[in-house]
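Structural overview
In case you want the letters, here they are:
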Amino acid sequence: MSDALLEVKGLKVSAEDKQILKGVDLTVKPGELHVILGQNGAGKSTLVSAIMGDPSYEVDDGQIIFDGEDITDEKPDIRARKGIFMSFQNPEEIPGVTVENFLRTAKGAITGVKDRVIPFRKELLSKMAALDMDASYAERYLNVGFSGGEKKKTEILQLLVLNPKLAILDETDSGLDVDAVRAVTKGIAEFRNKDNAIIIITHNAKILEGLEITASHVISDGRVIKNGGSELVKEVITNGFGSLIGGADNA
Amino acid sequence: MPDFEEKTQVEEIDRSLYDFKDKVDADLILDSGLTRKIVETISEEKNDPEWMRQFRLKSLEYYNSLEIPNWGPPIDGLDMDNIVTYVRPKGAMHAKWEEVPEDIKNTFERLGIPQAERASLAGVGAQYDSEIVYHNVKKEVAAQGVIYTDIESALRGPKADLVEKYFMKAVPPTDHKFAALHGAVWSGGSFVYVPEGVSVEIPLQSYFRLNAPGAGQFEHTLIIVEKGAYLHFIEGCSAPKYNIANLHAGCVEIFVGEDARVRYSTIENWSKNMYNLNTKRAIVEKGGAIEWVSGSFGSHTSYLYPMSVLKGDDSRMEYTGITFAGNGQNLDTGAKVVHIGKNTSSHISTKSISRDGGISNFRSEVIINKNAVDSKSAVTCESLMLDDQSRSDTIPVSDIRNSRVDIGHEARIGRISEEAIFYLMSRGLSEDDAKALIVGGFAEPIAKELPVEYAVEMNNLINLEMKGSIG
């Protein structure tokens, strides 16, 4: 058994009969932070959605190994319980379910023990404070009527409460407002330790500022076309993808 | 007797049903419909006052002349030609515990109903300890002059004249065939009288009255709340009531006095063989208010449309309801309001959930009379279908007879979102739990209207229904 937390091997994924990932490999170890880069439609979100087990994608070939176990065919809830978390770009609104109730339920599902109301509330409020979230959010219905920034904060709050082994942050949207960017940055700082790992999709230099990047990967047309470190991230943010994909849009 | 046994089409019914008096058997064999003799026997056994005996017999005439309603879900599963098998004059007609269906027993188990209550809820046991609670409540409110009793006692009690004055005046036996049936054979139920200006602080719960003989089939609830008074009455409970005779034709009548307010909350969970043809109606005087909170679970087929008659000026009604139809169920529910007084207002808000091929229809009728000027009415209904097999329709009717009114109607029908399910599953919830959480959230506006212990029970019930398997 390797010491990898996540191993993606030769992953081919399609949606609505169209192949999007055409063979992707990725290895993430505890303590690491990986940045995934790529143009719109390259397959970045597909990759992380497939790792989470989104049923709208079909795995045609390859394997996803997490913590030494093959989870390629597991349902999303099993993956979550094993320690994978993904923040959504556009999280769903769930009317009638408060943030607090939802998170206590989710934490209970993951740990197998449902916290008592009062201790959980205390924990939740302290984590909300760390993200500069007003305590009143605990009583609001999950994402209902939330602004983009509020949704993002709530996603990060979920990350902190559920405390997974692997956090996947899909921050593809380049239009994140200042608040959202700050929430993600704070969240990563709060979350990160030597035993867990982070995969983040972003081109936002602000989010990555001050982060120790282990590795970066450029995806184009369903394949990883270049691996590197923080220097690759800098290059892409400064110069775009032109030089990497030969200046042609070969999608 | 042996001849008669062959006539019986509902096998599991205890023979004692027919043991009225040996002499009437000939009659029964000749006519399996509802006869004068049967109704007289019921009346005699219940020791009715003379006016009630006459009332029952008159109702029987209406029953025999009225047609079966043909505008709603099919009820041909009811053996109307053999209606006598549904009528039960004695409390002796108990099923055996062993005969209570497994799913009902499992539900008791999962809802954590104490053993003693399970037997009683299943119609196979005697009264249980909550009777003591009921007596304490009764004593407490009596100090305020409130009368809370079973309706049979009320017929002979200090307010007997009020029972005579109001009994089936809101829902006359001529209303429809099952109201007529009710008038002829009713048995059990509650009577509440709240005197002028009295505000009853604790909700009165008929849960404690569940075991009155005949309750759960043709029970009658009569509530009279005088000027300026307030009452919250809660009827039913979340545990499924099992009855081997599968027709329920109960009746609820609420008289709301001037400036009085009545809140009537109910969670009904009938066993899945039940035809629930219940009639509920409130008459509201000037400045009064009726608030209905209604959760309809269980039953095979339901017709349930609580009606409010806004008789006095400035009177108002609010109806908040939820219906959950699963496999094999056809639940036709909604509300009805008649605006008579000036400046009256009605607000109807419902949610329905259907899954596993269940049918849940919303039916409403808003009538605003010529003189009911400056009245307002708003109707909203939201339906959530959990799969492709389930069905949901809305049938709103308005009959507006003056132009100085403000009315609105809004209907939304949707399917549960796959994306939302994935989102919740990605947080560790199983698919079933994810769906249950979404449905629970959908039902939250109704739960909020219920006392907390009932809201919890309703949530448990939704979770159970969500996990119920096909067939």
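Residues numbered from 1 in each chain as written. Chains lettered and ligands numbered in written order. Predicted model: local features only at pLDDT ≥ 70, side-chain atom pairs only at ≥ 80, totals over all residues. Heavy atoms only, no water.

Some words on the overall build of chain B
Looking only at helices and strands, one finds 13 helices and 20 strands in chain B. Taking the intrachain contacts of chain B between residues at least 6 apart in sequence as the baseline, contacts between residues at least 24 apart amount to 83%. Put simply, chain B shows about 18400 Å² of open surface, and 47% of that area lies on carbon and sulfur atoms. (Helix = DSSP H or I, 4+ residues; strand = E, 2+ residues; numbered from the N terminus. Contact = heavy atoms within 4.5 Å. Areas by Shrake-Rupley, 256 points an atom, 1.4 Å probe, with all protein chains shown as cover.)

Section: the packing of aromatic side chains
All names here are of chain B. Enumeration over the complete set of coordinates arrives at 14 aromatic pairs over all chains. Between the aromatic rings of Trp51 and Phe167, the centroid separation amounts to 6.3 Å while the plane-to-plane angle is 70°, which identifies the pairing as edge-to-face. Within this pair, whereas Trp51 is found in helix α4 (residues 50-65), its partner Phe167 is found in the loop between α9 (160-166) and α10 (177-185), the two being separated by 116 residues in sequence. Clustering of aromatic rings is evident, with ring pairs tying together Trp51, Phe55, Phe167 and Trp186. Its guanidinium or amino end placed over the ring of Trp186, Lys46 lies 6.0 Å from that ring's centre, counting from NZ or CZ. (Phe/Tyr/Trp six-rings, centres within 6.5 Å; stacked < 30°, edge-to-face > 60°. Lys NZ or Arg CZ within 6 Å of the ring centre and 35° of its normal.)

A few points about the pairing of strand β5 (residues 230-235) of chain B
Residues and elements named next belong to chain B. With respect to burial, β5 is a largely interior element, six of its six residues being buried. Side-chain alternation along β5 places Tyr230, His232 and Ile234 on one buried face and Leu231, Phe233 and Glu235 on a second face that is also buried. Where strand β3 (residues 204-205) and β5 come together, two bridges link them in parallel fashion. Looking across to β5, one finds that Gln205 is bridged to Ile234. Both β5 and strand β8 (residues 261-270) contribute to a ladder of six bridges, which runs parallel. (Buried < 20%, exposed > 50% of the residue type's maximum accessible area, 1.4 Å probe, protein only. Pairing = 2+ DSSP bridges.)

Let's talk about the side chain of B:Thr344
All names here are of chain B. Relative to the assigned elements, Thr344 resides in the loop between β15 (330-339) and β16 (345-354). A polar atom in the side chain of Thr344 sits 2.8 Å from the side chain of His339. At 3.1 Å, the side chain of Thr344 forms a polar contact with the backbone oxygen of Gly341. Discounting residues that sit within four places of it in the chain, Thr344 has contacts with Leu310, Gly312, Asp313, Asp314, Ser315, His339, Ala372, Asp374, Ser375 and Lys376. (Polar contact = N/O pair within 3.5 Å; in protein donor to acceptor, adjacent residues only side chain to side chain.)

Observations concerning the packing of helix α4 (residues 117-130) of chain A against helix α5 (residues 148-162) of chain A
All names here are of chain A. With their axes 10 Å apart at the nearest point, α4 and α5 run at an angle of 130° to one another. Taken as axis vectors, α4 and α5 run oblique relative to one another. For the element pair α4 and α5, the recorded crossing hand is right-handed. For the pair formed by α4 and α5, the contact residues are Phe120, Glu123, Leu124, Lys127 and Met128 on the first element and Leu157, Leu160 and Val161 on the second. The residue inventory of the contact of α4 with α5, partitioned by class, reads six nonpolar, no polar and two charged. (Axes fitted to C-alpha atoms, helices over the stretch in contact; angles between N-to-C directions. Parallel < 35°, antiparallel > 145°, perpendicular 65-115°, else oblique. Left-handed = near helix turned anticlockwise from the far one by under 90°. Nonpolar A, V, L, I, M, F, W, Y, C, P; charged D, E, K, R; others polar.)

Some points on the layout of surface pockets
If a probe as big as a water molecule is rolled over the atoms, it shows which places are left empty. In this structure, the largest pocket occupies an estimated 770 Å³ of space. If you trace the largest pocket, you find 26 residues lining it, with A:Asn101, A:Thr105, A:Lys114, B:Leu437 and B:Asn463 closest to the centre. Those elements giving two or more residues to the lining of the largest pocket turn out to be α3 (99-111) of chain A together with α12 (431-447) and α13 (452-467) of chain B. Along the lines of polarity and charge, the residues of the lining of the largest pocket split into nine nonpolar, 10 polar and seven charged. (1 Å grid on protein atoms, 1.4 Å probe; cavity = no way out; pocket = protein on both sides within 12 Å on 5 of 7 lines; lining within 4 Å. Points joined across faces, edges and corners; volume = space filled by probe spheres on them.)

Description of unusual backbone geometry
In terms of backbone geometry, most residues other than glycine have negative phi values and most peptide bonds are trans. Residue and element names in this part refer to chain B. Positioned with a positive phi, Asn47 is a non-glycine residue whose angle comes to about 55°. Judged by relative accessible area, which is 51%, Asn47 ranks as exposed. Located in the positive-phi region is Asp314, a residue other than glycine, with phi close to 60°. The residue Asp314 is located in the loop between β13 (307-310) and β14 (316-325) in this model.

Let's talk about the sheet that holds β3(B)
Adjacent strands of a sheet pair through backbone hydrogen bonds, lying either parallel or antiparallel. All names here are of chain B. The strand order across the open sheet formed by eight strands is β3-β5-β8-β11-β14-β16-β18-β20, and the pairing between neighbours is parallel. The sheet is open, and its two borders are formed by β3 and β20 (405-415), each paired with just one other strand. By the bridge criterion, 10 bridges tie β14 to β16 in an arrangement that is parallel. The residue of β16 that forms the bridge with Met317 is Ser346. Across the face of the sheet, α13 comes into contact with β3, β5, β8, β11 (289-298) and β14 while running at roughly 30° to β8.

Thoughts on the confidence of the model for chain B
Residue and element names in this part refer to chain B. Looking at chain B, pLDDT values average 82 and 77% of them are 70 or higher. Taken as a whole, residues 1-30 scores under 50 in pLDDT and shows 47 contacts with residues more than four places along the chain or in a different chain. The model gives residues 88-94 a pLDDT under 50, and that stretch makes 25 contacts with residues more than four places away or in other chains. Both confidence scores are given for the complex: pTM 0.82, ipTM 0.95. (pLDDT = per-residue confidence, 0-100.)

Quick word on the side chain of B:Ser308
All names here are of chain B. Assignment of secondary structure puts Ser308 in strand β13. Of note is the side chain of Ser308, whose polar atom sits 2.8 Å from the side chain of Trp292. Beyond its immediate stretch of four places on either side in the chain, Ser308 contacts Ala282, Ile290, Trp292, Met317, Lys336, Val337 and Val338.

Thoughts on the environment of B:Ile202
Residue and element names in this part refer to chain B. Relative to the helices and strands, Ile202 resides in the loop between β2 (190-194) and β3. Of the residues examined, Ile202 reaches a relative accessible area of 28% and is grouped as partly exposed. Between the C-alpha atoms of Ile202 and Val337, which are 135 residues apart in sequence, the distance is 28 Å. Setting aside its immediate chain neighbours within four residues, Ile202 contacts Val137, Glu140, Val141 and His232.

Overview of a negative patch on the surface
Residue and element names in this part refer to chain A. Taken together, the side chains of Glu16, Asp17, Glu58, Asp60 and Asp61 present a region of like negative charge at the surface. Among the structural elements, Asp60 can be located in strand β4 (residues 58-66). You can call Asp60 partly exposed: its relative accessible area is 40%. (Patch = residues over 30% accessible without salt bridge, like charges linked within 9 Å, V, L, I, M, F, W, Y side chains within 5 Å. Salt bridge = Lys/Arg side-chain N within 4 Å of Asp/Glu carboxyl O. Lys, Arg positive; Asp, Glu negative; His and termini not counted. Charge placed at Lys NZ, Arg CZ, Asp CG, Glu CD.)

Quick word on the interface of chain B and chain A
Buried accessible area, meaning the area lost when the parts come together, often serves as the stated size of an interface. Contacts between chain B and chain A engage 19 residues on the former and 31 residues on the latter. Roughly 1900 Å² is buried in total at the junction of chain B and chain A, and carbon and sulfur atoms are behind 69% of that figure. Applying the counting criterion to the chain B and chain A interface returns nine residue pairs in polar contact (both at pLDDT 80 or more). Contributions of two or more residues to the side of chain B that touches chain A are made by α11 (418-425) and α12 of chain B. Counted by class, the side of chain B that touches chain A contains nine nonpolar, five polar and five charged residues. (Buried area = accessible area lost by both parts, 1.4 Å probe.)

Examining the pattern of salt bridges
Inspection of every chain in the model, using the stated rule, returns 38 salt bridges over all chains. For A:Lys107, the salt bridge is made with A:Asp115, and the minimal N-O distance between the two is 2.8 Å. B:Lys435 is the salt-bridge partner of B:Glu431, the closest N and O atoms lying 3.7 Å from each other. Here the residue B:Glu431 and the residue B:Lys435 both occupy positions in helix α12, the gap between them amounting to four residues, near one helical turn. Within this structure, A:Lys107, A:Asp115, A:Glu123 and A:Lys127 form a network of salt bridges that share partners.

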